[in-house]
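# Structural features, examined
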Amino acid sequence: MPAGAEAAGRLAYLDVLRVAAIAGVVVIHVAARHVDVRAAPDLSWWTGNLWDAAVRWCVPVFVMLSGALLLTGPEMPIGRFYARRLPKILVPLLFWSLAFYLFVKLSDHAPLESGGFLGGLLGGGILNRYWFLYMILWLYLSAPFLRPVAVLLEGAYLRVFLCLWLLASSLRPLLHSLWGISIAGGDSLFAEYLGFFLLGAILHRQQTPGWLARGALLLFVAGFLLTAVGTGLLQHARESFQDVFYRYGSPGVVAMAVGVFVIGKQRFGLRTTGDAVIRLARLSFGIYLIHTFVQIVLDRPQYGIELARRLGSPLVDIPVQAVIVWGVSAALALALGRIPWVSRVVGL
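Numbering of residues starts from 1 in every chain and runs along the sequence as written. Whole-chain, interface and lining totals are the exception, using all residues; otherwise, since this is a predicted model, local features are given only for residues with pLDDT of at least 70 and side-chain atom pairs are given and counted only at 80 or more. Side-chain numbers come from the whole structure's heavy atoms, not from hydrogens or water.

## A closer look at the pattern of salt bridges
What counts as a salt bridge is simple: a side-chain nitrogen of Lys or Arg found within 4 Å of a carboxyl oxygen of Asp or Glu. Per the stated rule, a full pass over the model turns up five salt bridges. Residue Asp-15 pairs with Arg-18 through a salt bridge whose shortest N-O separation is 2.9 Å. Here Asp-15 and its partner Arg-18 are both found in helix α2 (residues 12–31), three residues apart, which amounts to about one turn of the helix. Arg-18 matches Asp-15 in its accessibility class, with the two residues each being buried. Numbering of helices and strands runs from the N terminus, with a helix taken as a DSSP run of H or I at least four residues long and a strand as a DSSP run of E at least two residues long. The buried label applies to any residue whose accessible area, calculated with a 1.4 Å probe on protein chains only, is under 20% of its type's maximum; exposed applies above 50%, and partly exposed to all values in between.

What follows is the structure, given as structure tokens:
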């Protein structure tokens, strides 16, 4: 498809958010090593925590983008929808899971076991960072049946849904972690990520309320402070890492995700995407699939680079390594995308 024709069918804010979200994913994975679960908060810990908290919105925004694209627009027969969408998840999942399995086994000089691979593939144990693929697969399977729900979620229906979702995904874990109050149920995939999936479709399809458009930046800042400061205070008080504020369904992360989505929509509107942004957006899935390999090679001593050790302070390590990991992963995704048939494993 010519670039101009492709741009005519794409909205700028969706592509810009996709580019920003994959950058956030890389930052989280680079910053994670500095948020030491055993250490009392110090400058290094706080640096990692602030970077991590600042981009926690990235995964929810990816889910919201999927909802905006799959639950709106022209309806498609279920069989055709599955035939078109599911291979885009299943083919990369199978290929990169096998690649990572072989990469780890050969690096460690460990024996290869077909049963171990198949069990790990089905259970999601090959590479835990690929959990997103399993989650999004279930949402893709559910999408044809959720379209009518997304249409009905207006007015009172929308308010009730948001209250129930926030109770299940945000308040219930918080009540348990802070005060030991347990509320049974509500902790499944469909409590946390289904809400983002539907919310993305709603925010995309409906006009943004004036109060939300005006307060989106404040909502983001408040969510960031709650996530970063709440995590720090809990770690200091309990002398161990507490992830309740890092959960993607936590109040602070939900606030940041909504704020970022609305800011993107307000700032870039519904105009068509430029060619450069399209190219970067199309590389985002490949970057996600490849960046763990790149990070391992850059960090582990057996490969002789040890980038994190050379960079030292997280003030330098996090931004510099994130840029390098993103850049190398993007270059590899672009190169693989130019090879016939292989392009499918990086979503191109």
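## Focus: the packing of helix α3 (residues 43–54) against helix α14 (residues 314–337)
Each pair of packed helices can be summarised by the angle the axes make with each other and by the distance between the axes. One can describe the packing of α3 onto α14 by two numbers: an axis separation of 9 Å at closest approach and a directional angle of 30°. Between α3 and α14, the interaxial angle falls into the category roughly parallel. Here α3 contributes Ser-44, Thr-47, Gly-48 and Trp-51 to the contact with α14, which in turn contributes Pro-314, Leu-315, Ile-318 and Pro-319. Grouping the constituent residues of the contact of α3 with α14 by class yields five nonpolar, three polar and no charged. Note on method: axes are straight lines fitted to C-alpha atoms, helices fitted across the in-contact stretch only, with angles between N-to-C directions ranging 0 to 180 degrees. Here the angle decides the label: under 35 degrees means roughly parallel, over 145 means roughly antiparallel, 65 to 115 means roughly perpendicular, and every other value means oblique. Note on contacts: a residue pair qualifies if any of its non-hydrogen atoms lie within 4.5 Å across the two residues. All residues other than Ala, Val, Leu, Ile, Met, Phe, Trp, Tyr, Cys, Pro, Asp, Glu, Lys and Arg, Gly among them, are scored as polar; the first ten of these are nonpolar and the last four charged.

## Examining the packing of aromatic side chains
Two aromatic rings from Phe, Tyr or Trp, using only the six-membered ring of Trp, form a pair when their centres are within 6.5 Å; if the ring planes differ by under 30 degrees the pair is stacked, by over 60 it is edge-to-face, and anything between is tilted. Evaluation of the coordinates by the stated rule reveals 18 aromatic pairs. Their ring planes at 85° and their centres at 5.0 Å tell us that Phe-95 and Trp-96 sit as a pair that is edge-to-face. For Phe-95, a relative accessible area of 39% puts it in the partly exposed group. Plain terms: the ring middles of Phe-241 and Tyr-246 are 5.4 Å apart, the flat faces sit at 70° to each other, and that makes the pair edge-to-face. For Phe-241, a relative accessible area of 23% puts it in the partly exposed group.

## Points about the side chain of Ser-329
If you trace the backbone, Ser-329 turns up in helix α14. There is a polar contact of 2.7 Å between the side chain of Ser-329 and the backbone oxygen of Val-325. When sequence neighbours within four positions are dropped, the list of residues in contact with Ser-329 reads Ile-287, Ile-290, His-291 and Val-294. Distance and chemistry together define a polar contact, namely a pair of N or O atoms within 3.5 Å, with one atom able to donate a hydrogen and the other to accept it when in protein, and with adjacent residues in sequence counting only for side-chain atoms on both sides.

## Some thoughts on a nonpolar patch on the surface
A cluster of nonpolar residues, Leu-43, Leu-315, Val-316, Val-320, Ile-324, Val-328 and Leu-332, forms a patch on the protein surface that exposes about 560 Å² of accessible area. A per-element tally of the nonpolar patch places α14 first, with six residues. Following the sequence through the fold, Leu-332 ends up in helix α14. Two joining distances apply to patches: 9 Å for like charges and 5 Å for nonpolar side chains (Val, Leu, Ile, Met, Phe, Trp, Tyr), and every residue must have over 30% relative accessible area and no salt bridge. The Shrake-Rupley method, run with a 1.4 Å probe, gives the accessible areas here. Residue values count only the displayed protein chains as cover.

## Quick word on unusual backbone geometry
The phi angle at Glu-306 is positive, at roughly 50°, despite the residue not being glycine. Within the secondary structure, Glu-306 sits in the loop between α12 (275–299) and α13 (307–311). Phi at Trp-341 is positive, roughly 75°, even though this residue is not glycine. Tracing the sequence through the fold places Trp-341 in the segment after α14.

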